[in-house]
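Letter by letter, the chains look like this.
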Amino acid sequence: MSEDTSGLWKAMTHPSHASYGSRRDRLVSAVAVGLLTGVSAAMATYTLWQGALAPGWAGDTVMGSLVFAAGALVKLLCQNLKTSVLALSIAVVVGAAMTAAAAVAPYLLLDIGTLGGIALLPELRDVITLLVFGQVPLLLFGYLVAIVYDGATA
Amino acid sequence: MVRSSRSQRALLAGLVVVLAVSAAAFVATASAQLAWQQRDTIDFRPADYELVDGDDPVLRVTFEVRNPTSVDARVRTGSLVVYDGDPAAGDALTVPRTERLEGDRDATVAAGETATVSLVASVSPDTVEQAQSAIDSGRAVPSGTFAVTVRGRSFQADV
């Protein structure tokens, strides 16, 4: 058991090594990196969307750079290309789910009526637009830049 | 070649920074979003009326503004008229469009706090006596709006 957890810990603190390791190590590093980058991309996208309510320092450029950085970190942390593809897929799915959840959350938290979900449709339309034209391209762009960097320094 | 342990640590630190900055931005924005959805709870209550007589008589209305949300709100003048009795009857005591906040152009009501805001509006010399009697007998009723801003979004709050 302790060997198990120490192996898990090592895979998370050394994701580049783990991305070349055993099947379990690859999975652990991909899931950990994908989850964390996906969550930060979602939080930055939400702030980008609700820009009028964001604090002054959290401007569009800063938030866009964060999503880009999250995409680059996917490949920089999960160095193995195959593992990084899995990590990026997890990041995209988690990021999309979290962004949608954040858009719906105020209605559930404050118990605002949604007319059987109809009131959520414009919110979800905005989320889809944001994902298709903002979050996913930025994540992918960062990821590709990191691939080019790794290729150039290989 | 696999990245060295040192550069992996540096990259992990970078991930922590990205997470921390986006989480801070998210928490600030999401709480403002919740405050915005609860903007109707910002409450204006007229507390005191005072007639300042002179060459240009004005009526000073002191409002208690309660902001129960978790984000600061800025209050500016909307359009507000003090009436003698029922506003629907249209018996105005103050001159419309002369109302303004005393002092600054806007006042900030901190999150979860109550602040007092003073509004002054001109009174036509013909209605000074009527205004005084309306205040004394408690018939003065303000009606109109304040402009409230939460971060970058504004709305008109009814009084």
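Small disclaimer: the values here were computed from a predicted structure and weren't measured. (Residues numbered from 1 in each chain as written. Chains lettered and ligands numbered in written order. Predicted model: local features only at pLDDT ≥ 70, side-chain atom pairs only at ≥ 80, totals over all residues. Heavy atoms only, no water.)

Peer 1: Can you help me understand the packing of helix α3 (residues 23-49) of chain A against helix α6 (residues 120-153) of chain A in this one?
Peer 2: Two quantities define a packed helix pair, namely the angle between the helix axes and the distance between the axes. All names here are of chain A. Look at α3 against α6: their axes get within 10 Å of each other, and the N-to-C directions meet at 120°. The angle between α3 and α6 places the two elements in the oblique class. As α3 runs across α6, the sense of the crossing is right-handed. The residues of α6 that touch α3, namely those facing A41, A42, T45 and W49, are E123, D126, V127, L130, Q135 and L139. When its residues are assigned to classes, the contact of α3 with α6 shows six nonpolar, two polar and two charged. (Axes fitted to C-alpha atoms, helices over the stretch in contact; angles between N-to-C directions. Helix = DSSP H or I, 4+ residues; strand = E, 2+ residues; numbered from the N terminus. Parallel < 35°, antiparallel > 145°, perpendicular 65-115°, else oblique. Left-handed = near helix turned anticlockwise from the far one by under 90°. Contact = heavy atoms within 4.5 Å. Nonpolar A, V, L, I, M, F, W, Y, C, P; charged D, E, K, R; others polar.)

Peer 1: Whenever I open this one, the UniProt feature "transmembrane region" (unreviewed entry) in chain A confuses me. Can you help?
Peer 2: According to UniProt, the "transmembrane region" (unreviewed entry) feature falls on residues 27-49, 61-78, 85-108 and 128-149 of chain A. Each end of residues 85-108 of chain A is marked by a C-alpha atom, and these two atoms are 34 Å apart; helix forms 100% of the span and strand 0%. (UniProt positions renumbered as here; feature names shortened; annotations may be inferred.)

Peer 1: Help me understand the pairing of strand β1 (residues 43-52) of chain B, please; the structure alone is not making it clear to me.
Peer 2: Across a regular strand the side chains alternate sides, sitting on one face of the sheet and then on the other. Residues and elements named next belong to chain B. By the bridge criterion, nine bridges tie β1 to strand β2 (residues 58-67) in an arrangement that is antiparallel. The residue bridging D48 from the neighbouring strand is T62, located in β2. Between the end of β1 and the start of β2, which pair antiparallel, lie five residues. (Pairing = 2+ DSSP bridges.)

Peer 1: What's the story with a nonpolar patch on the surface in this structure? I'm lost.
Peer 2: All names here are of chain A. A cluster of nonpolar side chains, contributed by L27, V31, L35, L36 and L86, occupies part of the molecular surface with about 380 Å² of accessible area. Position of L35 relative to the elements: it lies in helix α3. Judged by relative accessible area, which is 39%, L35 ranks as partly exposed. (Patch = residues over 30% accessible without salt bridge, like charges linked within 9 Å, V, L, I, M, F, W, Y side chains within 5 Å. Areas by Shrake-Rupley, 256 points an atom, 1.4 Å probe, with all protein chains shown as cover. Salt bridge = Lys/Arg side-chain N within 4 Å of Asp/Glu carboxyl O. Buried < 20%, exposed > 50% of the residue type's maximum accessible area, 1.4 Å probe, protein only.)

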